[in-house]
Amino acid sequence: MKKVKSWTLKKFKQIKKFAKRVVKEHLIREYIKHNALFCTYVLTCVLNSTILRFFCMHTLENYLAIKPIIADLAVVTLVGAFGYLLKPKNRFTYFLIANIFFTALCMINSIYYTFYTSFASVSMLSLTQYIGEVGDAVVENVVQIKDLIYLIGPIILIIVHIRLRKMNYYKKVESKTKRKKKMIKTLSGSGVLALIFILTLTSLDVTRFIKQWNREYIVMKFGIYIYQANDVVSSVQPKINSLFGYDQAKKKFNDYFKEEKPINTNEYTNIFEGKNVIVIHGESMQTNAMGLKFNDKEVTPNLNKLSSEGMYFSNFYSQVSVGTSSDTELTFTTSLMPTQSGTAFVSYSDREYISIPKLLKEKGYYCYSMHANNADFWNRRAMHDSLGYNKFYSKLDYNVTKENTIGLGLSDKEFFKQSISKMQKEAKKHDKWYSLSIMLTNHTPFSEVEKYGEFDVSLKEGDTTYPYMEGTKLGNYFKSIHYADEALGEFINELDQAGLLENTVVVLYGDHDGRLPKKDYNRLYNYDKENDKTLDKEDPNYKDYDSYQYELGRKVPFIIWTKDMKGTKLNKEHKNVMGMYDVMPTLGNMFGFYNKYGLGHDIFDIKDNNIVVFPNGNWVTNKVYYNSQKEEYLSLTGEAISEEEIAKNNEYSSKLLDISNQIIVFNLLKQNPKDEEGIK
Ligand code: GP9
Ligand code: MN
């Protein structure tokens, strides 16, 4: 301990001494003087990336951000360091090439941002037809004067170079060892900058960096250069994953789908054939909010109304992995599971998918999606195309202002309002149509409480008010979902007024749970109003909300509703366990389409024999919830569960997850004419 202390002290003294020298001997001035070209190169590259952020993201947080500047400095110095290996007279060419490269990155991203309000990705290069479209548009309308400002980098570098040449700066002779030393010193400087940068990162920064889906966030925190390097890695990774093991994967795939599944008919077969479809993607909508009331007011009156008037699947789970919203979209639309690494939307958008829109298109439908966020969030621009939507209305198609924004973007109420006219337009043009509306406001962290409108989550008894859920994250979630529910209610009314519900089926799902703290649920279910705390575990009224309750509480609503369903034989609650991957087969039976390679089941076919597999290997049936990490389970009926049943379901789950992953990674649904055993 003593040794460490004296070492630290010694180092500290050394740093202090060095700092004094830097000031006294004007070391910085000296360094710049002797490394003028390198310094110009570094500064102009960092200046360009800062200008890019300045033009693209107009937030105060961004203007004041120091993190991306440190990150850019680290990258640019790292690349520049190798220039020192060259003789002084050759260095200019090296720095100029590097500078032009970084300038080009900034320019491309600047142009891309003007067009798409997001940053460019190399994975887009594979979407050639799309590049063609973009290419024309770019030349015609998008290149603006501001995109040329980045040329200032190379221009300054050239001017400095000419001046230095006049001053005989390049005449100096440097030995090989000296050049090597300079390079190592510069590399160390870059290393120190990288270390400082890494120390400033939060866990949110790291997870978002790995997922690479929120490009603006990454550029804002990591700078454009690291963003682009990360983009290259995540675009190349799926290609590497699919290089080895194709034959084995194909064999497994053929074995898995060898047996022809009988297509059973039931009382729901073709009941909605030919009807229009309005799918509503309910951001973070959880079933447990539906049953709740605060001071006699329902948290979600409109969801409750739809569920009581329609077909309500109350034991329904989403099956998401790290791709959250996008994973649900994938599973809903294709009956496949999220991929084991990366996300299908970001990494595998160029694969072949059999999807609801594609199958409906074969039946004459026009399919479109609407989401008022950046089209590149979750790579939707590319993926909605792969999933077969004819059109994707995104942020650029909506009027988004500061006033009508909540949280991540356009408020749900405004989104729905602005969507109606688009839907009317499409309905006029097409006989049969399928639309998807992706909601946004009810998104974690649920913190813009003042914008959600009044919804009281305290406990009122007579004249006394107890804080109860006020000020908790779960309490804020209830306020937020209440807002989203209100927006939903308004949407249904507006659809009705616009005549869009006449021959239409509304399909609504919660995309995943709200990722809310377990301790808040404990407070919700065990509130001790006397001392504003959670009841003691020993208290006889204490209901333990353990990790199983938490998992089971992650259910999301799934509702199929039509204007005239109330009171008919379709108007029913269905309690059999069901997952997002069962939606496609279930709707397929009702609308008359079929996907042989779907992994779920028609719920009216499989009934109480269903199993919902989660991407982490957990699974749930009507009888048991199994936790694959702990290798433990909870019987849901009180009945004992046999080891054989657990083993059988485990085998089923791991096979299903494996096949699903391989279908996507190895692009096994792509029709290959040479492949006799392939899909026909
Ligand atoms: C992004 C929105 C939210 O556009 O759909 O995605 P999530 O964070 O829920 O995956
Ligand atoms: Mn979501």
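Data block above holds the structure.
Keep in mind the model is a prediction, meaning the values are calculated, not measured.

How each quantity is defined
- Residues numbered from 1 in each chain as written.
- Chains lettered and ligands numbered in written order.
- Predicted model: local features only at pLDDT ≥ 70, side-chain atom pairs only at ≥ 80, totals over all residues.
- Heavy atoms only, no water.
- Pairing = 2+ DSSP bridges.
- Helix = DSSP H or I, 4+ residues; strand = E, 2+ residues; numbered from the N terminus.
- Axes fitted to C-alpha atoms, helices over the stretch in contact; angles between N-to-C directions.
- Contact = heavy atoms within 4.5 Å.
- Salt bridge = Lys/Arg side-chain N within 4 Å of Asp/Glu carboxyl O.
- Buried < 20%, exposed > 50% of the residue type's maximum accessible area, 1.4 Å probe, protein only.
- Lys, Arg positive; Asp, Glu negative; His and termini not counted.
- Polar contact = N/O pair within 3.5 Å; in protein donor to acceptor, adjacent residues only side chain to side chain.

## Let's talk about the sheet that holds strand E1 (residues 276-282)
- Here eight strands make up an open sheet; going across it, the order is E7-E6-E10-E1-E13-E16-E4-E17 and the pairing mixed. A strand with exactly one partner marks an edge of an open sheet, and here the two such strands are strand E7 (391-393) and strand E17 (572-574). Taking each pair of neighbouring strands and ignoring which way they run, the sheet shows an average axis angle of 15°.
- Strand direction decides the pairing type here: strand E6 (residues 365-370) and strand E10 (residues 432-438), joined by six bridges, are parallel. Each residue of the ladder has a partner; that of Ser369, found in E10, is Leu436.
- In the packing of helix H15 (residues 301-309) onto the sheet, contacts are made with strand E4 (311-313), strand E13 (504-510) and strand E16 (558-561), and the angle to E16 comes to roughly 60°.
- Packed onto the sheet, helix H21 (residues 473-497) meets E1, E10, E13 and E16 and runs at close to 165° relative to E1.

## Details of the pattern of salt bridges
- A full pass over the atoms with the stated rule returns 30 salt bridges.
- Ionic pairing is found between Asp72 and Arg53, a salt bridge with its closest N-O pair at 3.1 Å. You can see Asp72 sitting in helix H5 (residues 67-81) and its partner Arg53 sitting in helix H3 (residues 36-56), a full 19 residues away along the chain. The same class applies to Asp72 as to Arg53, namely buried.
- Of the charged contacts in the structure, one is a salt bridge between Arg351 and Asp350, with a shortest N-O distance of 2.8 Å.
- Overlapping salt bridges bring together Lys413, Lys417, Glu486 and Glu490 as one network.

## Description of the side chain of Lys555
- The topology assignment puts Lys555 in the loop between helix H23 (547-552) and E16.
- Look at Lys555: it is buried, it has no salt bridge, and the nearest opposite charge is Glu573 at 9.9 Å.
- There is a polar contact of 3.2 Å between the side chain of Lys555 and the side chain of Tyr317.
- Residues within four places of Lys555 in sequence aside, it is in contact with Gln286, Thr287, Ser314, Asn315, Phe316 and Tyr317.

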